[in-house]
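# Observations on chain architecture
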Amino acid sequence: MAEDSGLPTDSKLTLTKQRWAREGKFLTGKIARSPEQRLPPGQHLTMDWPVLDLGLSPEIAHDRWRLDVYGAVDNPVFWTFAEFEARPQSRFVSDIHCVTTWSRYDNQWEGLATRELLMACQPKEDARFVVLHSYDGYTTNLALEDFAAEDALLAHSWSGRPLEAEHGGPVRLVVPHLYFWKSAKWLQAIEFLVEDKPGFWEVRGYHNRGDPWAEQRYAGD
Ligand SMILES: Nc1nc2c(c(=O)[nH]1)N[C@H]1C(S)=C(S)[C@@H](COP(=O)(O)O)O[C@H]1N2
Ligand SMILES: [Mo]
């Protein structure tokens, strides 16, 4: 027999670990832009989860919530919460990096991967940008490839519980590889565009893209 016949290749632990590898379990889903530097420059870690927004905090009951997806798409989508929740769900773990310098590691999100949304709405050939519209009137813009990041999702749950209203429930966007102002709370609509259209902070001096590892905090950085 081979030397390694004693290795526990079919032990319960090995088989479980193989399954984890197949399923990507424990993968943060983080894009390895700076694998040697998890905390972006100028950020500090926080254990709690600060609330930051325009202060309007709309209360949207789940049965009143709607998601509209329109613009440069072949299949505009208008979903109730039940229809949204009936789509294939994903769970991702990712870090938050707020431009105000706090970061929070290992947030467990559940919701609809943006890639699933793209499969449903079928962006047109010339679609390059999205603008998120929120129930408080907030907007933010993203390049389509940033919106389509493999760990980006429309999240309805955090740490296994429905996302609290103060953090954007019923549904918020989460785009982990950009500063958190791009992660629109109280998501109401997603507009696909051929030309870019800067959002609320982007017209107020914030960087158009907001890559934390490049410290793209403000316009001109
Ligand atoms: N609809 C909406 N989304 C928003 C904001 C907002 O004011 N309105 N603020 C943004 C900013 S600046 C940050 S830092 C994060 C804060 O999210 P949190 O309150 O869950 O930490 O939400 C982002 N998304
Ligand atoms: Mo922010």
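Everything below is about the structure shown above.
The text that follows walks through the structure, step by step, so that each part is easy to find. Treat the numbers as computed from the prediction; the structure is a model and nothing was measured.

Reading guide: rules and limits
Residues numbered from 1 in each chain as written. Chains lettered and ligands numbered in written order. Predicted model: local features only at pLDDT ≥ 70, side-chain atom pairs only at ≥ 80, totals over all residues. Heavy atoms only, no water. Helix = DSSP H or I, 4+ residues; strand = E, 2+ residues; numbered from the N terminus. Contact = heavy atoms within 4.5 Å. Areas by Shrake-Rupley, 256 points an atom, 1.4 Å probe, with all protein chains shown as cover. Phe/Tyr/Trp six-rings, centres within 6.5 Å; stacked < 30°, edge-to-face > 60°. Buried < 20%, exposed > 50% of the residue type's maximum accessible area, 1.4 Å probe, protein only. Pairing = 2+ DSSP bridges. Axes fitted to C-alpha atoms, helices over the stretch in contact; angles between N-to-C directions. Near = heavy atom within 4 Å. Polar contact = N/O pair within 3.5 Å; in protein donor to acceptor, adjacent residues only side chain to side chain. Nonpolar A, V, L, I, M, F, W, Y, C, P; charged D, E, K, R; others polar. Arc of directions from axis to C-beta.

With that out of the way, let us pick up the overall build of the protein. Helix and strand content of the protein: 4 helices and 11 strands. At a minimum sequence separation of 6, the contacts of the protein that also span at least 24 residues come to 69%. Of the accessible surface of the protein, which amounts to about 11400 Å², a share of 52% is contributed by carbon and sulfur atoms.

All right, on to the packing of aromatic side chains then. Going through the model one piece at a time under the given rule, you end up with 14 aromatic pairs. Ring geometry for Trp 49 versus Trp 158: centroids 4.7 Å apart, planes at 40 degrees, classification tilted. Of the two residues, Trp 49 sits in the loop between strand E1 (44–45) and strand E2 (66–71) while Trp 158 sits in strand E8 (residues 153–158), which places them 109 residues apart along the sequence. As far as the burial class goes, Trp 49 and Trp 158 line up, both buried.

What follows concerns the sheet that holds E2. The strand order E3-E2-E11-E6-E7 describes an open sheet built from 5 strands, whose pairing is mixed. Across the chains shown, the open sheet's two edge strands, defined by having one partner strand only, are strand E3 (77–80) and strand E7 (139–143). This sheet shows a mean twist of 15 degrees between the axes of neighbouring strands, independent of strand direction. Relative to strand E11 (residues 187–193), strand E6 (residues 129–134) runs antiparallel, the two being bridged by 6 bridges. Of the residues in E11, the one forming a bridge with Ser 134 is Leu 187.

All right, on to the site of ligand 1 then. What surrounds ligand 1 is a group of 20 residues, the closest being Pro 50, Asp 136, His 167, Arg 172 and Lys 185. Here Pro 50 contributes a backbone N or O atom positioned 2.7 Å from an oxygen atom of ligand 1. At a separation of 2.8 Å, a nitrogen atom of ligand 1 approaches a polar side-chain atom of Asp 136. The fraction of the free accessible surface of ligand 1 (530 Å²) that becomes covered by protein chains is 97%. For the shell around ligand 1, the class distribution of residues is 13 nonpolar, 3 polar and 4 charged.

This next bit is on helix H3 (residues 114–121). Because an α-helix completes one turn every 3.6 residues, residues spaced three or four positions apart along the sequence face the same direction. Residues of H3 that are buried: Thr 114, Leu 117, Leu 118, Ala 120 and Cys 121. Seen end-on, H3 carries its buried residues on one side only, within an arc spanning 160 degrees.

Mapped onto the elements, His 44 comes out in strand E1. With a relative accessible area of 42%, His 44 lands in the partly exposed category. Look past the residues within four positions of His 44 in its chain and what remains in contact with it is Leu 39, Thr 101, Trp 102 and Ser 103.

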